[in-house]
Amino acid sequence: MTDPDPLLDAVLRGLSAEPKTLPPTLFYDDVGSALFDRITTLDAYYPTRAEALVFDEHGPALAALVAGDADAVALIEPGCGSGGKAEKLLQHLPAVAYVGVDVSVEALIGGAGRLSLRFPGVQVVAIEADYHQPWALPELPPARKIAFFPGSTIGNFDPADAVGFLAGLREVVGPSGAAVVGVDLWKDVEVLRVAYDDPEGVTAAFNRNALRHLNRRYGATFDVDGFAHESRVDVDRRRVEMHLVARGAQDVRVAGRRFRIEAGESLHTENAYKYDLDGFSDVARQAGFRTLGWFTDPDVRFAVFALGAS
Ligand code: AVI
């Protein structure tokens, strides 16, 4: 019996579906993570800069909202990478512990080392896990638990799954807990489209890397350059979609299975939902959180929500 491989199962399910999809987690091997880091520096990709402005301007107020009257808090960050954003919050919190969860051991080690040096009084715990799968919180000192989910990654879940994911975080932080969540806001359609199809072609390389990852990891046979990158804005669903559209027909093998991809057929690789302030408050409410407050950048492109367990 072979070990279960949830990523491969999701890939095979997606390629068997109509229309075909691929799971966005496929983006993030070492090459894809480096490409994503480049995306966050691009002129066209505004969310990272806009969110940084929110933390720089409103970090103390945000921290005060989620810490409330607690004199000790533990910050818990699923998908922390190297924990760079946590620093912006930890510096304003009475933190006694920080828990980072990520699949990348390299990022965890670098991040844990840096945070331990910068915050010597904070117990830093690194957990190697894919936060989409169940993971266990370690024993922590008594403290209010605050979940931290920045970067607008919540937009990569369908709204019903976003509710489910946030409800899971609500369980983790418990009845006296809180959460800080970064949310990209709905805006001009062309600004959104170009954010996911930058002129430098970095996002196109990031999207195609999903197929290169499949070829490398599972010996799949995608002709990667035979796919065009497309970013499409679905106004009704309030989301940006990323697609890989086959320039010509391909017969592809993945883990012993064959898939026919016709010319012009799309592999739908990602959704990025964009919210308005009330819409996200409602998602949070359905997950068992109440909105304590929110802060935006000066151009109101991005919001960071402070949520309390209700
Ligand atoms: C990780 N996530 C928040 C990014 C986003 O904006 O949805 C992933 C991304 N995809 C293309 N560019 C960036």
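### Remarks on the overall build of the protein chain
The secondary structure content of the protein chain amounts to 9 helices and 13 strands. Here the protein chain has a C-alpha radius of gyration of 20 Å; the compact-globule value for 310 residues is 19 Å, and the two agree. With the principal axes as the frame, the protein chain shows a C-alpha extent of 60 × 50 × 35 Å. Residue burial in the protein chain is summarised as follows: out of 310 residues, 51% are buried. Here the contacts in the protein chain between residues at least 6 apart in sequence split such that 68% fall between residues at least 24 apart. If you sum the accessible surface of the protein chain, you get close to 13900 Å²; carbon and sulfur atoms cover 52% of it.

### Some remarks on the site of the ligand
Y45, G151, N156, Y196 and E270 are the nearest of the 14 residues found near the ligand. Residue Y45 places a side-chain N or O atom 2.5 Å away from an oxygen atom belonging to the ligand. Take N156: an N or O atom from its side chain is 2.9 Å from an oxygen atom of the ligand. A total of 340 Å² of accessible area belongs to the ligand in isolation, and the protein chains cover 97% of it.

### What to know about the sheet that holds strand 12 (residues 289-296)
Strand pairing in a sheet relies on backbone hydrogen bonds. The paired strands run either parallel or antiparallel. Strands sit in the order 4-3-2-5-6-13-12 across an open sheet of 7 strands; the sheet is mixed. The open sheet is flanked by strand 4 (123-128) and strand 12, the only strands paired with a single partner. When the angles between neighbouring strand axes are averaged without regard to direction, this sheet yields 20°. In terms of strand pairing, strand 3 (residues 95-102) meets strand 4 through 6 bridges, oriented parallel. Considered in strand 4, the bridge of Y98 is made with V124.

### Some remarks on the environment of R13
Tracing the backbone shows R13 in helix 1 (residues 6-16). For the pair R13 and L108, spaced 95 residues apart in sequence, the C-alpha separation works out to 30 Å.

### Some thoughts on the pattern of salt bridges
As enumerated under the stated definition, the model contains 19 salt bridges in all. The partner of R260 in a salt bridge is D251, with the nearest N and O atoms 3.1 Å apart. In this structure, D297 engages R301 in a salt bridge whose closest nitrogen and oxygen atoms are separated by 3.1 Å. Its relative accessible area of 2% is what places D297 among the buried residues. Here the salt bridges share partners, and the residues they tie into one network are E87, R114 and R118.

Definitions and cut-offs
- Residues numbered from 1 in each chain as written.
- Predicted model: local features only at pLDDT ≥ 70, side-chain atom pairs only at ≥ 80, totals over all residues.
- Heavy atoms only, no water.
- Helix = DSSP H or I, 4+ residues; strand = E, 2+ residues; numbered from the N terminus.
- Rg over C-alpha atoms; globule rule 2.2 N^0.38 Å.
- Buried < 20%, exposed > 50% of the residue type's maximum accessible area, 1.4 Å probe, protein only.
- Contact = heavy atoms within 4.5 Å.
- Areas by Shrake-Rupley, 256 points an atom, 1.4 Å probe, with all protein chains shown as cover.
- Near = heavy atom within 4 Å.
- Polar contact = N/O pair within 3.5 Å; in protein donor to acceptor, adjacent residues only side chain to side chain.
- Pairing = 2+ DSSP bridges.
- Axes fitted to C-alpha atoms, helices over the stretch in contact; angles between N-to-C directions.
- Salt bridge = Lys/Arg side-chain N within 4 Å of Asp/Glu carboxyl O.

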